[in-house]
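If you want the building blocks of each chain, they are given just below.
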Amino acid sequence: MKKEFFENEIGEAYVKATLDNGLKIFILEKPQYKSAYALFGTKYGSIDTIFNVDGKETAVPEGIAHFLEHKLFESEDGDAFTKFAKTGAYANAFTSFDKTCYLFSCSDRFYENLDILLSFVQSPYFTKETVEKEQGIIGQEIRMYDDSPGWRVMFNMLMAMYHNHPVRIDIAGTVESIAKIDYELLFDCYNTFYNPSNMFICIAGNVDTDACLEQIEKSIKPSETKEIIRIKPEEPYEVVKHYTEQSLEVAQPMFCFGLKDEFSENSLSVKERIIMALLLNLISGDASPLYKELINKGLINDEFDSEHFCGDGYSALIFEGESSDPKAVAEEIKKEIERLKTEGIDKKLFSAIRASMYGSAIRLFNNVESIAMHLTDCAMNDTGLFDELKYLKSVTLEEVSRKLKSLDTENTVLSVINPKN
Amino acid sequence: MSLEILKLSRGVEGLFIKNSRFNTTLISYNFYLPLQKDTVASNALLPFILTSCSKKYPDFSRLNYKLAKLYGARLNATAEKYGDYQLLKMTISVINDKFSFDEESLVKNASQLLLNLIFEPNLVDNSFTPEDLEREKRKAIEHIKGEISEKRVFAKKRLIEEMYKNEAYGLPKCGTIEDVQKITGESLYNTWKNMLESAFVRVQVVGKKVPEGFFEDIAERFSKIKRKNITKCTESAPTTPIKTPQNITDNMDVAQGKLCLGFSSEIYGNDDTSLAVMVMTDIFGGGPYSRLFSNVREKLSLCYYCSASAIRQKGLITVESGIETENCEKAEKEILNQLSIVKKGKFTDFEFESSIKSITDSLNSYNDSQNSIDLWYAIKINNKKLYSPEDIAKKISKITREDVINAAKGVKLHTVYKLLPKEASK
């Protein structure tokens, strides 16, 4: 096992360990806390639909990573929920575009819970019957999202932004695609992606690092390291279309306005992501001139928000909210980006926003769940937990201005959910 | 750790919840007012307008800039129903001074800022300004309209409305659109004055230490106000049982239906009287070990979610589920069947013990979240003692199967609310 220790000036420290089989483990101790949070994850999400292992290329139905997540809770000796119920821990799992994670949080019996987590994620058990039954349950989940305007407005936008990148597909797939999932396919995907070399464990809270490492090392099943080549179809620079709409039962139009960023082969560095976050705040954060204008014109309300959406092969600036006139909001955002390009960024606002982001980066250490989630980002992107604090001190206005100039306000999508009738 | 309540003025309490594990300090003002039809909307607008601008920061954008400079201090406002009361809550959270690169104290600055926002709004001639008022009214109206978008939340809101038609608890927490439209700059000024004069107030600090002179400053502000008719936060009225349960159905253009059931509970009230209801509701429809999850969802696949929760101070238990129309009747029958199993005491030892463990494990985590611990104490206003989460965990672990059965006995179906796709209307 290879062990590295990291600490920083705000008084936090963590260990990163790598087992011989490639499994990465991140642990941050919080001895003054009562609770702890642990997460066992794999770099396997909805976008991993075509892959190559040992020279063999496989294409799988959309939604299979999420399907597998549901199924993994069952084991031959009862489901994981039942086991966690005996200790009182809270347990859950989630699938995103690029990862699947299983987690628990507790204030007592941590090592028992860790044992349950390690064991069920490593013991897939499904039969033809249980797979068929799950198709019904997930079908209902998909239909629930069909009624969620917040979910639909986002995926409609992604479908209009990406031609081929699988990020355009709903994480749970469709009723049709999950119907194609069977027992063998699930095992194929499990054996490919649930290999320790593709996985990570993140723990934060009242735990002892050495005790955790010893327990994990003992219970990880031996395996051969596998190299997974993820095959991403070519993605054109331009968006598919600039406008998309749907009608649902909402009171006023909802919108999601996306600006497609230039494609980069690798996922973005911490510094690049900080620059994007700063930019978003400068363009439309609640202290920005644009935000003030949109509120005063009655075009947005407290639901307005923005995010930098990025991952393997995709990056976009997203602005979303409710508005009586989504097209006017989109135009104002474009205009503001162009104004900033010519007039430059306000220095005072830049330093205030940088201070604000610095405060948020310190705040994240308040909570064991947010620490564990940030350790997950470290595992996924091969970055350090303290990188953000470090770069926030050094990032300059010139670096942000340079990125600003590259934003293409012609390469955008506006997705709108209109009220019915 | 025993906490000491400070009396700052008539009906104004200060509470320091010492907790050194966080990098931030949280300050919260909690104003309790009676929940009433003619004041609900206007009261609910106050925390939002007060935290959007002030005499010193008449422009909300300048205020947001100031917050950014305070290393991203977070200002938050909510207006919630708490039994038959309205709780107007305003908080500020800021990173501790040791992380700052500046000379000035961040915590002191942030606490002064919130104090000024509450006591010195942006007023002209005893009235809120038209710009501020119209902005906040528009946002409030859009928020009320927007409730229809999340069908799960909307369905529960409709259930409560139908259950408490002519009672205060049936009022929407921010009032109706018509109520909001009626608010004027002058009327809101009077609402603000009334809040300062008559609300029961709890001001709390969660963190390493209290900023210097903090509680003294608040006492000083209140000493200039004539405190009268102070809200007595006594018990809320329990839910009246109904002879024949009501059936209400709304139809909408949706893919999936929602089924909500409301029950009255004979046992109700605070932590001294109603903890058994908490355990009973959890066995019925709490975690994955519960009767509803393991039977209605997992075994019978009748819904994607199905869970129960209790509003103990009102003696109210609700069940929420997402269903396909064709399963609606079956699901309803099965939910009631699971309740009767709990009533008969036919739940397993596993279910009982899992529930006790899950509740106590979660209570023992409370001190690890600044917001949770603040809210915990903010609503501990009418118990015999100021119980900590650990105190309640101890009480919960003493609850017996008999207590649970006894609590379930007095649970009666009151209203069945369905939100169904249009083509399914009968």
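Look up a bit, the structure's there.
What comes next concerns the included structure. Throughout this document, residue positions are counted from 1 along each chain, in the order its sequence is written. Both sets of labels track the order of writing: A upward for chains, 1 upward for ligands. Where totals are concerned, whole chains, interfaces and linings use all residues; where local detail is concerned, this predicted model gives features only for residues with pLDDT of at least 70, and gives and counts side-chain atom pairs only at 80 or more. To obtain the side-chain values, all non-hydrogen atoms of the structure were used and water was disregarded.

Further remarks concern the packing of helix α3 (residues 106–119) of chain B against helix α8 (residues 214–223) of chain B. Residues and elements named next belong to chain B. Axis definition: a line fitted to C-alpha atoms, limited for helices to the stretch in contact. Angles are taken between N-to-C directions and run from 0 to 180 degrees. Secondary structure counts use DSSP, requiring at least four H or I residues in a row for a helix and at least two E residues in a row for a strand, with both numbered from the N terminus. Orientation of α3 relative to α8, taken along the N-to-C sense of each, is 10°, at an axis distance of 11 Å. Comparing their axes, α8 and α3 come out roughly parallel. Of α8, the residues touching α3 (which contributes S111, Q112, L115, N116 and F119) are F214, D217, I218, R221 and F222. In this classification, Asp, Glu, Lys and Arg are treated as charged, Ala, Val, Leu, Ile, Met, Phe, Trp, Tyr, Cys and Pro as nonpolar, and every other residue, Gly included, as polar. In terms of residue class, the contact of α3 with α8 is made up of five nonpolar, three polar and two charged. Any angle from 65 to 115 degrees is called roughly perpendicular, while one under 35 is roughly parallel, one over 145 is roughly antiparallel, and all others are oblique. When checking whether two residues touch, look at their non-hydrogen atoms; a contact exists if any pair is within 4.5 Å.

For the rest of this paragraph, the subject is the sheet that holds strand β4 (residues 74–82) of chain B. Residue and element names in this part refer to chain B. Strands pair, by our definition, only if DSSP identifies at least two bridges between them. With mixed pairing, six strands are arranged side by side in an open sheet as β1-β2-β6-β3-β5-β4. Each of the sheet's edge strands pairs with one partner strand only, and the pair in question is β1 (5–9) and β4. Sheet twist, expressed as the mean angle between neighbouring strand axes with direction ignored, is 20°. The sheet contact formed by β4 and strand β5 (residues 85–95) spans nine bridges and is antiparallel. By the bridge assignment, T78 is partnered in β5 with K89.

What follows covers a positive patch on the surface. A cluster of basic residues, K384(B), K385(B), K394(B), K395(B) and K398(B), forms a positive patch at the surface. For K385(B), the position within the fold is in the loop between α13 (370–378) and α14 (389–397). Two joining distances apply to patches: 9 Å for like charges and 5 Å for nonpolar side chains (Val, Leu, Ile, Met, Phe, Trp, Tyr), and every residue must have over 30% relative accessible area and no salt bridge. Only the protein chains shown count as cover for residues, and the accessible areas themselves come from Shrake-Rupley with a 1.4 Å probe. We count a salt bridge whenever a side-chain nitrogen from Lys or Arg sits within 4 Å of a carboxyl oxygen from Asp or Glu. Neither His nor the chain termini are counted; the positive set is Lys and Arg, and the negative set is Asp and Glu. Just so you know, the charge point we use is NZ for Lys, CZ for Arg, CG for Asp and CD for Glu.

Residues and elements named next belong to chain B. Exposed residues in this analysis have more than 50% of their type's maximum accessible area, buried residues have under 20%, and partly exposed residues fall in between, with area computed by a 1.4 Å probe over protein chains only. Among the seven residues that make up strand β2 (residues 12–18), five are buried, leaving the element largely enclosed by the rest of the structure. Across four bridges, β1 lies against β2 in antiparallel orientation. Within β2, the residue paired with I5 across the bridge is L15. Here β1 folds back onto β2 in antiparallel fashion, the turn holding two residues, of which G11 has a positive phi close to 65°.

Attention now moves to the nonpolar core. Buried residues of nine kinds, namely Ala, Val, Leu, Ile, Met, Phe, Trp, Tyr and Cys, make up a nonpolar core once their side-chain atoms join them within 4.5 Å. The biggest cluster of nonpolar side chains holds 181 residues, and the ones touching the most others in it are I283(A), Y29(B), F31(B), M195(B), M280(B) and F284(B). Other than its neighbours up to four places away in sequence, Y29(B) contacts L88(B), K89(B), M90(B), L114(B), L115(B), I118(B), R202(B), V203(B), F214(B) and I218(B).

This part is about the interface of chain A and chain B. A common way to report how large an interface is uses the accessible area buried once the components associate. Counting from both sides, the interface comprises 60 residues of chain A and, opposite them, 60 residues of chain B. Interface of chain A and chain B: buried area, both sides summed, is about 5100 Å²; carbon and sulfur atoms make up 52% of it. Here the quantity called buried area is the accessible surface, traced with a 1.4 Å probe, that two parts lose on coming together, added over both. The three residues of chain A that bury the most area against chain B are Q140(A), E249(A) and R363(A), which together make up 15% of that side's buried surface. Here chain A and chain B share four salt bridges between them. Counting of polar contacts relies on pairs of N or O atoms within 3.5 Å, with two restrictions inside protein: one atom must be capable of donating a hydrogen and the other of accepting it, and residues adjacent in sequence are counted only when both atoms are side-chain atoms. One can count 32 residue pairs in polar contact (both at pLDDT 80 or more) joining chain A with chain B.

Residues and elements named next belong to chain B. For H143, the location among the structural elements is in helix α4 (residues 130–146). On the basis of relative accessibility, which here comes to 38%, the residue H143 falls in the partly exposed class. Between the C-alpha atom of H143 and that of I283, which follows or precedes it by 140 residues, the distance is 34 Å.

Moving on to the environment of S105(A). Residue and element names in this part refer to chain A. Within the fold, S105 resides in strand β10 (residues 100–106). Assessed through its relative accessible area of 21%, S105 is described here as partly exposed. Separated by 70 residues in sequence, S105 and S35 place their C-alpha atoms 7.1 Å apart.

Before going further, it helps to spend a moment on the pairing of strand β1 (residues 2–7) of chain A. Residues and elements named next belong to chain A. The element β1 is largely exposed, with a buried count of zero among its six residues. Direction of pairing for β1 relative to strand β2 (residues 13–18): antiparallel, over a ladder of six bridges. Considered in β2, the bridge of F5 is made with V15. Hairpin geometry of β1 and β2 is characterised by an intervening segment of five residues between the two adjacent antiparallel strands and by a positive phi of about 95° at G11.

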